[in-house]
Amino acid sequence: MNESKSSQVIQRGCEGCPAHNAANLLKLGVDMEEWDFVVALAGNPNTGKSTVFNALTGLRQHTGNWPGKTVARAEGGFEYADRRYKLVDLPGTYSLLSTSVDEEIARDFILFGQPDVTTVVVDATRLERNLNLVLQVMEITDRVVICLNLMDEAKRHGLIVDERRLARDLGVPVVPSVARYGKGLDDLLQAINDVATGKTQTKPYKIQRFSKELEEIISGLSQKVRGIFPTLPNPRWVAIRLLDGDERIVEAFEKGDLGELTQATTESVDLQAQLSEEQVT
Ligand SMILES: Nc1nc2c(ncn2[C@@H]2O[C@H](COP(=O)(O)OP(=O)(O)O)[C@@H](O)[C@H]2O)c(=O)[nH]1
Ligand SMILES: [Mg+2]
């Protein structure tokens, strides 16, 4: 796998400083007052996400709904290496392309909340299908840890997964686990802590590489997006979604949702109109 140079889109603050956006998280229903770091749990349905969540948080959890949605949310907390971690269970999804409310919730949380770590729980027996989501998450954030779960099932089926090779190819930590029996979860905590604190610097493989012409257009549009929304963590990703005609992102632009979530500059309205025209033509 080749690394795409042009896709280093997330800027880190100081090493070891939290990366999350506390103001956006509050709008997304997560109050970070009592916590040092926030970890999002993503994954396809039935990969053991809830099992991991329960194992890590024990009884320190509560459930509610996502703000403005009828989708249930579980959140909880744990402490590790003297740091207080908030863990948020995202809806189980196969993709982040926002074709459903679940996907929209998961995507908005990662995009706007900028969690310190996004842990993607994957099913080791269905790696190919699961990697689709992993690659999409890695387009939005660098701060990813893979929990390679159901390793007992993989073994039972005679599947050998080379987790070291996978970690090298993906450019992020991969931790094998059998969440049902609590196996591998200490290593998972360590990996999460290392990414949260900046001890591990990830270098996620980016799948999206385009022709020179298209790269130039993306780069120009990203700069405009950045100009309008200086605090947006990933203008390149937003530019690609705009060019792709992603309805949710286009709508967010038009309605100014993106602005609200990311503190747009005051002259944004005209440029927003200009941008949405540009992406249609
Ligand atoms: N064999 C095995 N089963 C697991 C493992 N992790 C979770 N499960 C089981 O897989 C099923 C789905 O787990 P759940 O946590 O609800 O998945 P979610 O849909 O991703 O939240 C449950 O019956 C779990 O007990 C594992 O590592 N090995
Ligand atoms: Mg679940």
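Residues numbered from 1 in each chain as written. Chains lettered and ligands numbered in written order. Predicted model: local features only at pLDDT ≥ 70, side-chain atom pairs only at ≥ 80, totals over all residues.

Engineer: So what exactly am I meant to see when it comes to the overall build of the protein here?
Structural biologist: Tallying secondary structure elements over the protein gives 12 helices and 7 strands in all. Considering the protein as a whole, with its 281 residues, one finds that 43% of them fall into the buried category. When contacts within the protein are restricted to residue pairs at least 6 apart in sequence, those whose partners lie at least 24 apart make up 67%. (Helix = DSSP H or I, 4+ residues; strand = E, 2+ residues; numbered from the N terminus. Buried ≥ 20, exposed ≤ 12 C-beta atoms within 10 Å, placed from the backbone. Contact = placed C-beta atoms within 7 Å.)

Engineer: Teacher, can you tell me more about the nonpolar core here?
Structural biologist: In this structure, Leu41, Val120, Val137, Val145, Ile146 and Cys147 are the most contacted members of the largest nonpolar core, which totals 67 residues. Residue assignment places this core across two domains, with domain 1 (5-196) and domain 2 (212-280) each supplying three or more. (Core = buried A, V, L, I, M, F, W, Y, C linked by C-beta atoms within 7 Å. Domains from an automatic or database assignment.)

Engineer: Sorry, what's going on with unusual backbone geometry here?
Structural biologist: Negative phi values dominate among residues other than glycine, just as trans dominates among peptide bonds. The phi angle at Asn46 is positive, at roughly 70 degrees, despite the residue not being glycine. Within the element layout of this structure, Asn46 appears in the loop between β1 (37-43) and α2 (49-57). Although it is not a glycine, Asp82 sits at a positive phi angle of roughly 65 degrees. By the secondary structure assignment, Asp82 is in the loop between β3 (72-80) and β4 (83-89).

Engineer: Would you explain the site of ligand 1 in this entry?
Structural biologist: Contacts to ligand 1 come from 16 residues, most closely from Gly48, Lys49, Ser50, Thr51 and Arg180. Those elements that provide at least two residues to the shell around ligand 1 are α2 and α5 (151-156). Taken together, the residues of the shell around ligand 1 sort by class into 4 nonpolar, 8 polar and 4 charged. (Near = placed C-beta within 6 Å. Nonpolar A, V, L, I, M, F, W, Y, C, P; charged D, E, K, R; others polar.)

Engineer: So what exactly am I meant to see when it comes to the sheet that holds strand β7 (residues 174-176) here?
Structural biologist: Across a sheet, strands are paired by hydrogen bonds formed along the backbone, either parallel or antiparallel in direction. Ordered in space as β2-β3-β4-β1-β5-β6-β7, the 7 strands form an open sheet in which the pairing is mixed. The strands lining the two open edges of the sheet, one partner per strand, are β2 (61-65) and β7. With strand direction ignored, the average angle separating the axes of adjacent strands in the sheet is 25 degrees. Sheet topology note: the β2/β3 ladder contains 5 bridges and is antiparallel. Opposite Asn65, over in β3, you have Ala72 as the bridge partner. (Pairing = 2+ DSSP bridges. Axes fitted to C-alpha atoms, helices over the stretch in contact; angles between N-to-C directions.)

Engineer: For this particular structure, what's the right way to read helix α3 (residues 101-113)?
Structural biologist: Since the α-helix turns once every 3.6 residues, residues separated by three or four places project in the same direction. Relative to the 18 Å expected for 13 residues at 1.5 Å per residue, α3 spans 17 Å between its end C-alpha atoms, a close match to the ideal helical length. Within α3, burial applies to Asp102, Glu103, Ile105, Ala106, Arg107, Asp108, Phe109, Ile110, Leu111, Phe112 and Gly113. After α3 finishes, the residue Gln114 shows a positive phi value of roughly 45 degrees. (Expected span 1.5 Å × (residues − 1).)

Engineer: Sorry if this is basic, but what is going on with helix α10 (residues 247-255) here?
Structural biologist: Of the positions making up α10, those classed as buried are Ile249, Ala252 and Phe253. Relative to the axis of α10, the buried residues are bounded by an arc of 100 degrees and lie together on one face. Opposite the buried face of α10, by more than 90 degrees, sit the exposed residues Glu247, Glu251 and Lys255. (Arc of directions from axis to C-beta.)

Engineer: Even after reading the chapter, I still don't get the environment of Gln136, so can you show me in this structure?
Structural biologist: Within the element layout of this structure, Gln136 appears in helix α4 (residues 127-140). Here Gln136 falls in the buried class, since 23 other C-beta atoms lie within 10 Å of it. Along the chain, Gln136 and Tyr94 lie 42 residues apart, while their C-alpha atoms are 9.7 Å from each other. Those residues within four positions of Gln136 in sequence are excluded, and the remaining contacts are Ser95 and Leu96.

Engineer: What exactly am I supposed to notice about the pairing of β4 here?
Structural biologist: Within a regular beta strand, the side chains point alternately toward one face of the sheet and then the other, so they alternate between its two faces. The buried count for β4 comes to 5 of 7 residues, which makes it a mostly enclosed element. Where β3 meets β4, 7 bridges bridge the pair, whose relative direction is antiparallel. Residue Ala74 lies in a different strand from β4, and its bridge partner there is Asp89. Joining the antiparallel neighbours β3 and β4 is a turn of 2 residues, in which Ala81 adopts a positive phi near 45 degrees.

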